[in-house]
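A closer look at the structure
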Protein chains: 2
Amino acid sequence: MLTRLGDKWTILVVSMLALSPDVPMRFGALKCGIPDISQRMLTLTLRSLERDGLVARSYFPEVPPRVEYELTDRGRSMLEPLATFTAWIRDTWQDIETSRRAFDDTERDRLGDGR
Amino acid sequence: MLTRLGDKWTILVVSMLALSPDVPMRFGALKCGIPDISQRMLTLTLRSLERDGLVARSYFPEVPPRVEYELTDRGRSMLEPLATFTAWIRDTWQDIETSRRAFDDTERDRLGDGR
DNA sequence: CAGGATCCGGGTGGATACTG
DNA sequence: CAGTATCCACCCGGATCCTG
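These lines cover the structure that appears in this document, whether it is placed above or below. Because the structure is predicted, anything quoted here is derived from the model rather than measured.

Topic: the protein's contact with DNA strand C
- Near DNA strand C lie 20 residues; those nearest to it are Phe27, Arg47 and Arg57 of chain A together with Lys8 and Arg40 of chain B.
- Each atom of DNA strand C within 4 Å of the protein belongs either to a base or to sugar and phosphate, the latter forming 65%.
- For DNA strand C, a base nitrogen lies 2.4 Å from a polar atom in the side chain of Arg40 of chain B.
- For the surface near DNA strand C, the secondary-structure elements that each account for two or more residues are α3 (27-33), α4 (39-51) and β3 (66-71) of chain A together with α4 (39-51) of chain B.
- Here the surface near DNA strand C gets four residues from one element, more than from any other, and that element is α4 of chain A.

Overview of the interface of chain A and chain B
- Every contact between the two is made by 30 residues of chain A and, on the other side, 30 residues of chain B.
- Summed over both sides, the interface of chain A with chain B buries roughly 3000 Å², with 70% coming from carbon and sulfur.
- Run the count over chain A and chain B and you get four salt bridges.
- The closest approach of N and O atoms between Asp104 of chain B and Arg51 of chain A, which form a salt bridge, is 2.5 Å.
- For the pair chain A and chain B, the number of links is 14 residue pairs in polar contact (both at pLDDT 80 or more).
- The set of elements that each furnish at least two residues to the side of chain A that touches chain B consists of α1 (2-6), α4 and α5 (73-111) of chain A.

Observations regarding the packing of helix α2 (residues 10-19) of chain B against α4 of chain B
Residue and element names in this part refer to chain B.
- Running from N to C, α2 and α4 point in directions that differ by 75°, and their axes come no closer than 10 Å. Between α2 and α4, the angle falls in the class roughly perpendicular. Together, Thr10, Val13 and Val14 of α2 and Leu42, Thr45, Leu46 and Leu49 of α4 make up the contact between the two elements.

A word on the relation of the copies chain A and chain B
- If you rotate chain A by 180° and push it 0.0 Å along the axis, it lands on chain B with an RMSD of 0.1 Å. This pairing of chains is accounted for by a two-fold axis. Every residue of chain A has its C-alpha some distance from the rotation axis, and the shortest such distance is that of Gly6 of chain A, at 2.1 Å.
- When the interface residues of chain A are mapped onto chain B, 100% of them again lie at the interface, so the same face is used by both copies.

Thresholds applied
- Residues numbered from 1 in each chain as written.
- Chains lettered and ligands numbered in written order.
- Predicted model: local features only at pLDDT ≥ 70, side-chain atom pairs only at ≥ 80, totals over all residues.
- Heavy atoms only, no water.
- Near = heavy atom within 4 Å.
- Polar contact = N/O pair within 3.5 Å; in protein donor to acceptor, adjacent residues only side chain to side chain.
- Helix = DSSP H or I, 4+ residues; strand = E, 2+ residues; numbered from the N terminus.
- Contact = heavy atoms within 4.5 Å.
- Buried area = accessible area lost by both parts, 1.4 Å probe.
- Salt bridge = Lys/Arg side-chain N within 4 Å of Asp/Glu carboxyl O.
- Axes fitted to C-alpha atoms, helices over the stretch in contact; angles between N-to-C directions.
- Parallel < 35°, antiparallel > 145°, perpendicular 65-115°, else oblique.
- Least-squares fit on C-alpha atoms with pLDDT ≥ 70 in both.

Structure (structure tokens):
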């Protein structure tokens, strides 16, 4: 499950659907809200979430076709625990970045750069 | 950050170190506690966690060498938000697996298996 | 409009051998 | 004991083209 959320797009898709948890979003709207995602990855990500029962897919056989996605109750139940964790990330992120820079710097010293 | 925790081993290493948050663990003990991990991946995972300031590494230049790892304060501060989320996973996991089987079954019907 | 099919490059992680 | 170095298979994800 953590692997799912840790993949490249899941969190972004869930975040989009969580913006207004009751209003379904069209495929194109999601794609528009996550500009860098490819159709393929959006499809695959939504399919995974649907498979886990976190997202519901509604197909309307009109012309042109319309497909809407929304969080299920189960999907919404995930938002709060997830927010608890992302809050920790936000609070800690600056420190983490600082640690990373420090680590990389001493690492570069220890090895001597390849120049 | 979620990508970090979503990778194959980070969560397991953190869990091991969280078992007794004050007692440092040796490299070998960690490897023993996570039987399927390779030396390489354990090293890389610990290095990443150290780089983020979540784990502290202590090297003792003895013979044979001894290296101990423990969670930092920052690492320990992550445990509670993380537990909040993993609790949700535990509570929901059965339902998710059920949804997956149902999804895969109807999918198999829709396509007809290749036999 | 939404998504299926196919091809392809790069990165992740495993196995193995070697070292201080 | 605790790594490092190297090679390699696999899969994820991007780009592109096609369809109901």
